[in-house]
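Descriptive structure summary
Listed below, chain by chain, are the residues.
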Amino acid sequence: MSRIQSPAVRLIALPGRFVLMAAVSLVLSSCGEKPGKDTAKASPPAVSSPAPPAPAALSQANPPAITEAGDCPVAPGLDQKKYIAPLQDAYARMDPLKDGWETEAFNSAAMVQIHELEHMLAGPAPITPDVLSHLADKSITSTPLRPDNRSKVFDDGQMQVFRAPPDAQSTTPGLEAFAASLTILRQAIPGIKPRLKIVRVIRTSLSAVNAELLVDIAGFAPSARYQITGTWSSDWRTAPGVPPLLTSLRVSKFEEIIQPKRADSIFADSTAGLLDKNPSFKDQLLVSSDHWRARLPRDLGIDPVANHGLALGDVNGDGLDDLYICQQGGLPNRLFIQNSDGTLRDATVESGTGWLDFCAAALFLDLDNDGDRDLVISQDFRVLVMSNDGKGKFTLEFGSGTKAQSFSLAAADYDNDGLVDFYICGYNPSQAEIRGGTMGEPMPFHDANNGGRNILWRNDGNFKFTDVTAAAGLDENNTRYSFAATWEDFDNDGDQDLCVANDYGRKNLYRNDAGKFHDVAAELNVEDRGSGMSVSWADFDGNGYMDLYTSNMFSSAGNRITYQPQFKTSTPENVRAGFQQIARGNSLLQAVPGKAFKDVSIEAGVTIGRWAWGSKFVDFNNDGLEDILVTNGFITTADPGDL
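All of these numbers come straight from a predicted model, not from anything done at the bench.

All right, on to the overall build of the chain then. The helix and strand tally for the chain stands at twelve helices and 34 strands. Sorting the 643 residues of the chain into buried and exposed places 53% on the buried side. Counting contacts in the chain only where the partners sit at least 6 residues apart, residues at least 24 apart contribute 62% of the total. For the chain, the exposed surface amounts to about 27,400 Å²; the carbon and sulfur share of it is 55%.

This brings us to the pairing of strand 26 (residues 497-503). Most of strand 26 sits out of view: seven of its seven residues are buried. Burial along strand 26 is two-sided: Asp497, Cys499, Ala501 and Asp503 and Leu498, Val500 and Asn502, pointing in opposite directions, are all buried. Bridge count for strand 25 (residues 481-488) against strand 26 is seven bridges, and the pairing is antiparallel. Among the inter-strand pairings, Ala485 is bridged to a residue of strand 26, identified as Val500. Here strand 26 runs beside strand 27 (residues 508-513); their pairing, made up of three bridges, is antiparallel. Bridge pairing in strand 27 places Cys499 opposite Leu509. Between strand 26 and strand 27, which pair antiparallel in sequence order, lie four residues; one of them, Tyr504, sits at a positive phi of approximately 60 degrees.

Now for the sheet that holds strand 20 (residues 394-401). Here we have four strands laid out as an open sheet, ordered 17-18-19-20, and antiparallel in their pairing. Of all strands in the sheet, those with a lone pairing partner are strand 17 (361-365) and strand 20, marking the two edges. Taken pair by pair, the neighbouring strands of this sheet meet at an average axis angle of 15 degrees, ignoring direction. With seven bridges joining them, strand 19 (residues 382-388) and strand 20 adopt antiparallel strand pairing. Residue Val383 lies in a different strand from strand 20, and its bridge partner there is Ser400.

Turning to helix 5 (residues 175-188), a few remarks are in order. The first and last C-alpha atoms of helix 5 sit 20 Å apart over 14 residues, in line with the 20 Å expected at 1.5 Å per residue. All of the buried residues along helix 5 are Leu175, Phe178, Ala179, Ser181, Leu182, Leu185, Arg186 and Ala188. Check the buried side of helix 5 and you find it contacts helix 3 (102-122), helix 4 (129-132), strand 5 (136-142), strand 10 (208-221), strand 11 (224-239) and strand 12 (242-260).

What follows deals with the packing of aromatic side chains. Any pair of aromatic rings gets described here by the distance separating the centres and the angle formed by the planes. Under the criterion given, the structure shown has 22 aromatic pairs. On the basis of an interplanar angle of 20 degrees and a centroid distance of 5.5 Å, the ring pair of Phe407 and Phe483 is categorised as stacked. Taken together, the positions of Phe407 in strand 21 (residues 404-412) and Phe483 in strand 25 put the pair 76 residues apart, joining distant regions of the chain. Cation over ring: Arg200 sits above Tyr563, and NZ or CZ is 3.9 Å from the ring centre.

Here the focus is the side chain of Asp290. On the secondary structure map, Asp290 appears in helix 8 (residues 289-293). Within the structure, the side chain of Asp290 is placed 3.1 Å from the side chain of Arg293, a separation counted as a polar contact.

Now for the sheet that holds strand 25. Read across the sheet, four strands follow the order 25-26-27-28 without closing on themselves; strand pairing throughout is antiparallel. The open sheet is flanked by strand 25 and strand 28 (516-519), the only strands paired with a single partner. Within this sheet the neighbouring strands show an average axis-to-axis angle of 25 degrees, counted without direction. Summarising the sheet, strand 27 and strand 28 pair through four bridges and their orientation is antiparallel. Across the sheet, the residue bridging to Asp513 is Lys516, located in strand 28.

Let us look at a nonpolar patch on the surface. A grouping of Ile84, Leu87, Tyr91 and Met94 is seen on the molecular surface, where their side chains present a nonpolar patch of about 440 Å² in accessible area. Assignment of secondary structure puts Ile84 in the loop between strand 4 (72-74) and helix 2 (85-92).

Side chains that carry opposite charge are capable of pairing whenever their charged atoms lie near each other. Evaluation of the coordinates by the stated rule reveals 22 salt bridges. For Arg250, the salt bridge identified is with Asp235, shortest N-O distance 3.0 Å. With Arg250 in strand 12 and Asp235 in strand 11, this residue pair connects regions lying 15 residues apart in the sequence. Judged by relative accessible area, which is 24%, Arg250 ranks as partly exposed. Judged by relative accessible area, Asp235 falls into the partly exposed class, the value being 22%. Among the salt bridges present, the one from Arg506 reaches Glu527, with a minimum N-O distance of 3.0 Å. One end of the pair, Arg506, is in the loop between strand 26 and strand 27; the other, Glu527, is in the loop between strand 28 and strand 29 (534-538), and 21 residues separate them in sequence. One network of salt bridges, with partners in common, ties together Arg146, Arg150 and Glu256.

Turning next to the pairing of strand 22 (residues 421-429). Burial of strand 22 is extensive: nine of the nine residues sit out of reach of the surface. Sheet analysis places strand 21 next to strand 22, joined by seven bridges and oriented antiparallel. Looking at strand 22, one finds that Ser406 is bridged to Gly426. Pairing between strand 22 and strand 23 (residues 455-461): three bridges, direction antiparallel. Across the sheet, the residue bridging to Tyr423 is Leu456, located in strand 23.

Here is what the cut-offs are and how they apply
- Residues numbered from 1 in each chain as written.
- Predicted model: local features only at pLDDT ≥ 70, side-chain atom pairs only at ≥ 80, totals over all residues.
- Heavy atoms only, no water.
- Helix = DSSP H or I, 4+ residues; strand = E, 2+ residues; numbered from the N terminus.
- Buried < 20%, exposed > 50% of the residue type's maximum accessible area, 1.4 Å probe, protein only.
- Contact = heavy atoms within 4.5 Å.
- Areas by Shrake-Rupley, 256 points an atom, 1.4 Å probe, with all protein chains shown as cover.
- Pairing = 2+ DSSP bridges.
- Axes fitted to C-alpha atoms, helices over the stretch in contact; angles between N-to-C directions.
- Expected span 1.5 Å × (residues − 1).
- Phe/Tyr/Trp six-rings, centres within 6.5 Å; stacked < 30°, edge-to-face > 60°.
- Lys NZ or Arg CZ within 6 Å of the ring centre and 35° of its normal.
- Polar contact = N/O pair within 3.5 Å; in protein donor to acceptor, adjacent residues only side chain to side chain.
- Patch = residues over 30% accessible without salt bridge, like charges linked within 9 Å, V, L, I, M, F, W, Y side chains within 5 Å.
- Salt bridge = Lys/Arg side-chain N within 4 Å of Asp/Glu carboxyl O.

Here it is as structure tokens:
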């Protein structure tokens, strides 16, 4: 997959299970997309300065105001409270009580209490029974929040992992015991930063609610980093007109990671050190999307949603990988050549690769078998192919309109003729009457089949390419909102098969039989309904068959709502289950020789990848076990609670 999104992540491997962990990551300033028409016409590469000047009308007096949310600039107009009639109605119905969702009203009220609990944990003031009296009942029962019976389950010299058996701790009554448990937790995690979210709500009586809390606690000290993840089971007493009070709090799942700070830490953010001598890094890549939205016409492809990828490859034959970054419309793509000391220099102009059009993805690959890396670019509703002269100078050889707005690329020699072919994922249909962008208008939401068509381009040699999608059988189930695809010979028969991650519903697994494809996702249990955004293959259990990890979206609200008795009462149970699956998050599908894939996501502990745009198996601590890297996030505003 050639698409990287906003950051963060977290998963390392233990035998048969994965561990959540924090890691350093990078946000590239990026934005969105705009529907257009099928056309092979493309704008020439940019030869202008690294940062295009603002249009005259906006560079003079009274530019649009930019408001600040912390360190993150956000779009003007966010404080507007009056809307057109349809939006006004929609915003009015955001009050859960007006729609009959009493449990969501409870969630809002309880989260006020939980946020205060977070502030207490993170603050310096003593935690006493008195300060807890408005949050918890005086007879609250609680378990130690950092269990005494935790034990070390992993230690590779770079990190230690501790776990505790579920529900094994006894409870103690009273506010004093609760205050003591909170204090012990705070003292154990230096620089504690707790994040708690409600992910399940059950009304147990007219005055009582049980809620499951997702726990994510980070801590930082000069000598180590700390992280606690898991779940807490909480009970609450409720009454009209007053805040809910905690009556019990129990640890139901616990995992703690300690990573000593060392010179050879697994990850270090080297972005500035590698790029900061390039004006384009400071003038473009470090500038927010909202900055450009206030200065560039939207028709150029400006949008706040990040769908711009990058490609790595040695373009000049010096044995060092170089970096190509796709950008939003109006800003040129950038090619950075790696120097011998590891730093990067901007070679966009001399390479001829600075396309100004909206670009979502790129691949470096040798299309003509001459030993150097050529370049394929997914450019909104076009695809471009550029040849490399071996020294990093590129020439446009092929361009074509696509059948959909394209977001990613995947390449393999599917027909074993010695030439690399490529597959392009489509999202919104070409000339669509629906809106463009990442959200689209799927019909139906949970199983959309009105998306754009993907294309398989066969490499015929000499930079000639043929659309063989239908001839190869890949038009089967080919009207979904496809975000990413990955090739792999999952059945070990010598040819490359193809898995496609689709937004708003099912995934495709196309089995390749001598160049002819058939979608076997349903029969092999790979449909994995969700907001599919990436797929990655690896043999994580070492049985000789490739397993599959998919990144979707975990939704705390979705997990609460889809399990409520009033949710879609008129629909079949399998449809309700489909919505619950969509809210669950990422999936790990284990290959079973001769049988369907087995969903082991829950027992492996890999579902909560948040709003997960991309994922990749990689053994990043070199212990011979496949780990999982997940990039996640979305638009950040003053309230980061959506993450």
